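# Structural overview for review
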Amino acid sequence: MDWSEDGAYDVSIEKILTSMREVPNGDHFLTPNELCSYDDMATTIVVDSIMQFQTHKMNQRRRYIKTQERKDTFVIMEDFTKNNDFMATLRKIFSLKSVRQFMAHQTDSKRAGFRDHLLRFLHMFSFKSGFTIEPCDRYSAEHNQGCKLVVTRHWLKGERIDRLCGVISELNETEEEALLRKDQNDFSVMYSTRKQCAQLWLGPGAYINHDCRPSCKFVPNGRTAAIIALKDLRPGDEITCFYGEHFFGDSNERCECSTCERLGRGAFLTLDENTSDTGSGSSVESNIKAGDKGFEQVLTSLLKADDSDTSEEHFM
């Protein structure tokens, strides 16, 4: 980028920042490829900087932020958690050399789309959001290093957690083949039986874990999915949704959710049976076939809609 392009970029960014809404609306105009790369860049800057490890990525080989900028992103996010200054934080993010290069040849509307995607993740650390992200060591398929979303204030049954959403983009067969890698980045894909196509499901909602007795459900909101509380929630309660009755094998026999642990079902039933049969005390992880999809992840690998309240038909 030469000096003239650099100046035009700064003008463009100021334009989209001054016109931003703190809470983006329920629509977007990103292609699947754009959503993948925007999501990876946003999670690298916003989420990974706070978690201090790499969370899920659609392109696992690409390095979105230069090594020398990792400290910068940590400082930017640390400051945001203290002051919640959205405008100043976005201005710093768009000034990063890696982001300037990432956005260099994008139109104003695409830069605005990235701005909105950043905002969705920044709300994980907003004083007003009523939820946040925390490390999660429950799931063996994530090598016991994943994330979970928890509420930070009281929510009543039926309330919408209005600063939390999932972001949806439809995939055609060519895009599926180009973007998805089995057991590598298909952690957040569902299948629409109504539209007969696969759909990416990214954004902050992709960090919502499954539970067989969920605390929340997904509901449609344009090209995003909103989250509604299914019961009264207290600070510290995890935001969970139901992925499906056979998502983790037949009758969720390999499910590692907290409900299955509490009731001795799913993977924990397998553990009990193996312990009684062999006396080996083998771990849950040893009873899960290698290559199964991540339990920390949302709506993996072409999930077909069922008749429950969390079926895909409720997204569209």
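Anyway, here's the lowdown on the structure attached to this text. (Residues numbered from 1 in each chain as written. Predicted model: local features only at pLDDT ≥ 70, side-chain atom pairs only at ≥ 80, totals over all residues. Heavy atoms only, no water.)

### Notes on the overall build of the chain
Scanning the chain for helices and strands turns up nine helices and nine strands. Across the 316 residues that make up the chain, the buried fraction comes to 52%. In the chain, once contacts between residues fewer than 6 apart in sequence are set aside, the share between residues at least 24 apart is 72%. With an accessible surface of roughly 14800 Å², the chain has 47% of that area assigned to carbon and sulfur atoms. (Helix = DSSP H or I, 4+ residues; strand = E, 2+ residues; numbered from the N terminus. Buried < 20%, exposed > 50% of the residue type's maximum accessible area, 1.4 Å probe, protein only. Contact = heavy atoms within 4.5 Å. Areas by Shrake-Rupley, 256 points an atom, 1.4 Å probe, with all protein chains shown as cover.)

### What to know about the pattern of salt bridges
A full pass over the atoms with the stated rule returns 13 salt bridges. Between aspartate 108 and lysine 15 there is a salt bridge whose closest N-O contact spans 3.7 Å. Taken together, the positions of aspartate 108 in helix H6 (residues 108–122) and lysine 15 in helix H1 (residues 3–18) put the pair 93 residues apart, joining distant regions of the chain. On the basis of relative accessibility, which here comes to 54%, the residue lysine 15 falls in the exposed class. Where lysine 92 meets aspartate 79, a salt bridge forms, and the shortest distance between an N and an O atom there is 3.7 Å. In this pair, lysine 92 sits in helix H4 (residues 86–95) while aspartate 79 sits in helix H3 (residues 70–83), placing the two residues 13 residues apart along the sequence. (Salt bridge = Lys/Arg side-chain N within 4 Å of Asp/Glu carboxyl O.)

### Some remarks on the nonpolar core
Across soluble globular proteins, nonpolar side chains show a tendency to be buried alongside one another. Among the nonpolar cores identified, the biggest contains 68 residues, and Phe94, Val99, Phe114 and Ile239 are the most heavily contacted of them. The greatest single-element share of this core, amounting to nine residues, is contributed by helix H2 (residues 32–51). Those residues in contact with phenylalanine 94 that lie beyond four places of it in its chain are Tyr9, Ile13, Ile16, Leu17, Val99, Arg100, Met103, Arg111, Phe114, Arg115 and Leu118. With eight residues, the next largest nonpolar core counts Cys212, Phe247, Phe248 and Cys257 among its residues. (Core = buried A, V, L, I, M, F, W, Y, C linked by side-chain atoms within 4.5 Å.)

### Regarding the packing of H2 against H3
The geometry of H2 relative to H3 is characterised by a closest axis approach of 9 Å and an angle of 85° between their N-to-C directions. By the angle class used here, H2 and H3 are roughly perpendicular. Contacts from Ile45, Val46, Ser49 and Ile50 in H2 reach Thr73, Phe74, Met77, Glu78 and Thr81 in H3. Looking at the contact of H2 with H3, its residues break down into five nonpolar, three polar and one charged. (Axes fitted to C-alpha atoms, helices over the stretch in contact; angles between N-to-C directions. Parallel < 35°, antiparallel > 145°, perpendicular 65-115°, else oblique. Nonpolar A, V, L, I, M, F, W, Y, C, P; charged D, E, K, R; others polar.)

### Comments concerning the pairing of strand E8 (residues 224–229)
Extensive coverage of E8 is indicated by the burial of six of its six residues. Burial along E8 is two-sided: the residues Thr224, Ala226 and Ile228 and Ala225, Ile227 and Ala229 are all buried. Across four bridges, the pairing between strand E3 (residues 160–171) and E8 is antiparallel. Within the sheet, the bridge partner assigned to valine 167 lies in E8 and is threonine 224. With six bridges connecting them, strand E7 (residues 216–221) and E8 associate as antiparallel partners. The partner of proline 220 across the bridge, within E8, is alanine 225. (Pairing = 2+ DSSP bridges.)

### Side note on the packing of aromatic side chains
A complete count under the given rule lists 10 aromatic pairs for this structure. Between tyrosine 64 and phenylalanine 102, the ring centres sit 6.3 Å apart and the planes meet at 75°, which makes this aromatic pair edge-to-face. Of this pair, tyrosine 64 sits in the loop between H2 and H3 while phenylalanine 102 sits in helix H5 (residues 97–103), and the two are 38 residues apart along the sequence. Residue tyrosine 64 is classed as buried on the basis of its relative accessible area of 7%. Residue classification places phenylalanine 102 among the buried residues on the basis of a relative accessible area of 11%. Taking the centre distance of 4.8 Å and the plane angle of 80° together, the rings of tyrosine 243 and phenylalanine 247 count as edge-to-face. In this pair, the class of tyrosine 243 matches that of phenylalanine 247, namely buried. Each residue in the set Tyr38, Tyr64, Phe94, Phe102 and Phe114 is aromatic and connected to the rest through ring pairs, giving one cluster. Lying over the aromatic face of tryptophan 155, arginine 153 brings its terminal NZ or CZ to 3.5 Å of the ring centre. (Phe/Tyr/Trp six-rings, centres within 6.5 Å; stacked < 30°, edge-to-face > 60°. Lys NZ or Arg CZ within 6 Å of the ring centre and 35° of its normal.)

### Considerations on unusual backbone geometry
Working note: non-glycine residues mostly have negative phi, and peptide bonds are mostly trans. Notably, asparagine 84 is not glycine yet its phi reads approximately 50°, a positive angle. Its identity as a non-glycine residue notwithstanding, asparagine 252 has a phi of 55°, on the positive side. Here asparagine 252 is to be found in the loop between strand E9 (240–241) and helix H8 (258–263). Exposure remark for asparagine 252: the relative accessible area of 4% places this residue in the buried category.

### Regarding the environment of asparagine 33
By secondary structure assignment, the location of asparagine 33 is in helix H2. The exposure class assigned to asparagine 33 is partly exposed, which follows from its relative accessible area of 49%. In this structure, the C-alpha to C-alpha distance between asparagine 33 and leucine 171, residues 138 residues apart in sequence, is 9.5 Å.

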